[in-house]
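Chain residues, written in single-letter form:
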Amino acid sequence: MNKTLLGYVPTQSPIYAIHPFVKLFFLLIVSLFPMFVTAPEWNMLLMLVLILLMWISRVDMRTLKIYVPVAISMGSIIIISYILMSGTHPEYQLIARFAGIKVYWERVRDAIVVYFRILPMIFTMVFFLSTSRERDVIVAMRTIRLPFVVTYVFAMALRSAGMVLEDFQIVRQAEQARGFDSTGKSLAYKIRKYVNYMIPLFALSLRRSEEFTNALVARGYAFTGEASRVKRADYVLTHYSFKYFDAIFTAIISISFIALLFMRYGYDYFAIDQSILLNWLKNILM
Amino acid sequence: MSVIIEIKDYSWQYMNTRQAALNDINVQVKEGMFVGIIGANGSGKTTLAYSLNGLIPGQYNGIKHGEVLIYGKEVEEYKSGELQKFTGMVFSDPEAQFTAMTVEDELVFGLENLGMSIPEIRERLEWVTELTGLETMLLKPPYELSGGQKQRVALAAVLAMTPKLLILDEPTTMLDPVSRRRVFEVLAKLKQEQNNTIIVIEHNLENLIPLADRMILLSDSRLILEDETQQFFQNMELISQEGIYPPGALQFFYELKKAGKISDTLPVTLPDASKQLKQLFD
């Protein structure tokens, strides 16, 4: 098993044959797809494709369960903001009224459209994080010749996030070992007591940054000055080669995106009024 | 052997502190020597290590008196990154010094900073992974390794840069006895095969003594004892007063000497101790 950003993927997974750049390119481009698609059934199809890709990549599908609460809470927020708090719109078609709240078809439709736009974006991100290691992100960034300092700062940010979480666990356990227990206490109490965590965490972060700077200096790295102008060999990149199928995948992703834009703006595909699902739903509700 | 470190009347006081962290230090270290630095917490050991690597005064504000010369040149006269080409430093918390996502990236980071070519990096990587036994861990994230493995990675990352002068600040503090021994095995190999100058700050003397050519004792910011290892540990009274606890065998012979049972030189290593014990019984 190899550890990825979101879990573990078997070493035999075909995803490791793909160049990290292709994975990053997939994330950046495919997550844009839903922005140009309003008909929810197409976004649902994209989600199915993403699930299929996860299955092919041998991602443990059980990890997807942790996103169910996210999907539910996101759906709830959209329903509340779009449908229950939509206000009065005489120009819209009223489909129901209860407890003084007017429910309009257009607002229900928009809520569904927005919801099914966000979900595939999250799925794309989950696919990327489930199949990529930290190193893949850095390699992808270096492949497109981003300056070393940019990729390095990004890597440090990834690493420090992990360190802060680890420190948080240590501080939390230390507090619990001294009898601090917030079980059954009110939310306000818990928030107040979180200060107990924040102060030592802040102090630890300061110490960590000092140690980290020392480690960089001790290994001859400098962000400025003559040492920063040393021509660096990128050893990590020697492990990766951009193969013919990487080029094919990159082309497929690019062509799909161009085709999507062409069909959307040239032929008005993927629009709301062409949605079979929304038309069917409208017939039921109206 | 030429002198590579020369510290003359050196004092350092951190900004906004009342007392100097180091006071009137005078030391010379010759090339190829293995020097152990001991002393209670707060005695100035880490400050001395940082002063040799240029972290002081480079990264810290404070008042400096005297001179710290590495290869005859003041540490602050070296350009950024220049001193680090031949001075490597391993810190006590290995995790705090990891700068990369995999062990391999960690090991090559310093080499890339030195501007080495890919074939040179590959060669150094092979050498250092074999030396430190990290061949099977190259693709693992360093922070997922055990404490001993982490410290070996930290050590390897510095060794890969083949510094002539290697400074280790309490490298085994967080390790279990087995991992501790493995770190010292690597240092022993370096001493035998590479002729590096090695300075180790360490509380655990069991592993340090057999390797050290010279020992330095710091107390309250001052250097109070410096000598060849064998001679150094003949001053057991002073060492004990400073809260340093030498290995059991050495203490045992010291007790015998105090009781007037022996008059010989105290044995500092286990083989010497067993030899002396055998002679006593004979």
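Predicted, not measured: the structure shown is a model, and the values here were computed from it.

Participant: Please explain the overall build of chain B as it appears in this structure.
Facilitator: Check the secondary structure of chain B and you find eleven helices and ten strands. Relative to a compact globule of 282 residues, whose C-alpha radius of gyration would be 19 Å, chain B shows 20 Å and is just as compact. Judged by the C-alpha coordinates and their principal axes, chain B covers about 65 × 45 × 35 Å. Put simply, chain B has 282 residues, and 45% of those count as buried. Counting contacts in chain B only where the partners sit at least 6 residues apart, residues at least 24 apart contribute 66% of the total.

Participant: Explain the sheet that holds strand S6 (residues 87-90) of chain B here, please?
Facilitator: Sheet strands pair by backbone hydrogen bonding; their relative direction is either parallel or antiparallel. Residue and element names in this part refer to chain B. Strand order in the open sheet formed by six strands is S6-S7-S8-S3-S9-S10, and the pairing between neighbours is mixed. What marks the edges here is a single partner per strand, and that holds for S6 and strand S10 (222-228). In this sheet, neighbouring strand axes are inclined to one another by 15° on average, regardless of whether the strands run parallel or antiparallel. Pairing of strand S3 (residues 34-39) with strand S8 (residues 197-201), which is carried by four bridges, proceeds in the parallel orientation. Looking across to S8, one finds that Gly36 is bridged to Val200. Sheet contacts for helix H5 (residues 147-159): S6 and strand S7 (165-169); angle to S6, the most-contacted strand, approximately 170°.

Participant: Explanation requested: the environment of Leu94(A) in the structure shown.
Facilitator: Residue and element names in this part refer to chain A. Secondary-structure assignment places Leu94 in strand S3 (residues 94-98). A residue is classified by how many C-beta atoms lie within 10 Å of it, and Leu94, with 13 of them, is partly exposed. Here the alpha-carbon distance between Leu94 and Leu206, two residues 112 residues apart in the chain, equals 57 Å. The contact partners of Leu94, leaving out residues within four places of it in the chain, are Lys102 and Tyr104.

Participant: Would you mind going over the pairing of S10(B) with me for this structure?
Facilitator: Consecutive side chains of a regular strand alternate in pointing toward one face of the sheet and then the other. All names here are of chain B. Alignment of strand S9 (residues 214-219) against S10, held across six bridges, turns out to be antiparallel. In the sheet register, Ile216 faces S10, and the bridge partner there is Glu226. Between S9 and S10, which follow one another and run antiparallel, lie two residues, and Asp220 among them has a positive phi close to 45°.

Participant: What's the story with the confidence of the model for chain B in this structure? I'm lost.
Facilitator: The predicted coordinates of low-pLDDT regions are not to be read in fine detail. On average, residues of chain B carry a pLDDT of 87, and 100% of them reach 70 or more. For this predicted complex, the interface confidence score (ipTM) comes to 0.79, while the overall pTM stands at 0.77.

Participant: Is there a simple way to think about the interface of chain B and chain A in this case?
Facilitator: As a measure of interface size, the accessible area lost when the parts come together is often cited. Taken together, the contact between chain B and chain A spans 32 residues of the former and 29 residues of the latter. Those elements that place two or more of their residues in the side of chain B that touches chain A are helix H2 (55-58), helix H3 (103-113) and helix H4 (118-132) of chain B. Here the element with the most residues in the side of chain B that touches chain A is H3(B); it accounts for six residues. Considered class by class, the residues forming the side of chain B that touches chain A number 14 nonpolar, 13 polar and five charged.

Reading the values: rules and limits
Residues numbered from 1 in each chain as written. Chains lettered and ligands numbered in written order. Predicted model: local features only at pLDDT ≥ 70, side-chain atom pairs only at ≥ 80, totals over all residues. Helix = DSSP H or I, 4+ residues; strand = E, 2+ residues; numbered from the N terminus. Rg over C-alpha atoms; globule rule 2.2 N^0.38 Å. Buried ≥ 20, exposed ≤ 12 C-beta atoms within 10 Å, placed from the backbone. Contact = placed C-beta atoms within 7 Å. Pairing = 2+ DSSP bridges. Axes fitted to C-alpha atoms, helices over the stretch in contact; angles between N-to-C directions. pLDDT = per-residue confidence, 0-100. Nonpolar A, V, L, I, M, F, W, Y, C, P; charged D, E, K, R; others polar.

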